[in-house]
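One letter stands for each residue in the lines below.
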Amino acid sequence: IRDNTDTNKSSAPTKFSEYVNSGLSIILNEIESDYVELFKTKNLNGFLLKSKEDLCSCIMELGKAQPKRNTLKINTLSELVENQLMIIYKRLGQ
């Protein structure tokens, strides 16, 4: 999950290639980058979100898809994402 900045557009995140090569599903958001285009053209396993703010709802949907999973972990992860977004917005003055 990255902002659509010049640095992120031109970077090649190490974890992206590690996860893809290991066969893990990945979650990323739509930005103008080579790795997002690779994700789309190669139809890789994972989720492409319209924006980073969609991460919380994606996590909750994953939890609903597997109801026998530990919902406490899903809720904790969702709260963590929401808190991090709030911190970012406060720093940006939004």
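The structure reproduced in this document is the subject of the present report. Only a predicted model underlies this, so the values are computations on that prediction, with no experimental measurement involved.

Under the counting rule described, the total for this entry stands at 1 aromatic pair. Both rings, one in Phe16 and one in Tyr35, keep their centres 5.5 Å apart while their planes meet at 50°; by these two values the pair is tilted. Placement of Phe16 in helix α2 (residues 14-22) and of Tyr35 in helix α3 (residues 34-41) is noted, with a sequence separation of 19 residues between them. The burial state of Phe16 is the same as that of Tyr35; both residues are buried.

Time to look at helix α4 (residues 55-65). Among the residues of α4, Leu55, Cys56, Cys58, Ile59 and Gly63 are the ones counted as buried. Across the axial projection of α4, the buried residues extend over an arc of 165°, all falling on one side. What points out from α4, more than 90 degrees from its buried face, is the exposed set Lys64 and Ala65.

The rules behind each value
Residues numbered from 1 in each chain as written. Predicted model: local features only at pLDDT ≥ 70, side-chain atom pairs only at ≥ 80, totals over all residues. Heavy atoms only, no water. Phe/Tyr/Trp six-rings, centres within 6.5 Å; stacked < 30°, edge-to-face > 60°. Helix = DSSP H or I, 4+ residues; strand = E, 2+ residues; numbered from the N terminus. Buried < 20%, exposed > 50% of the residue type's maximum accessible area, 1.4 Å probe, protein only. Arc of directions from axis to C-beta.

So, to be careful, I would describe these as geometric facts and stop short of saying anything about function.
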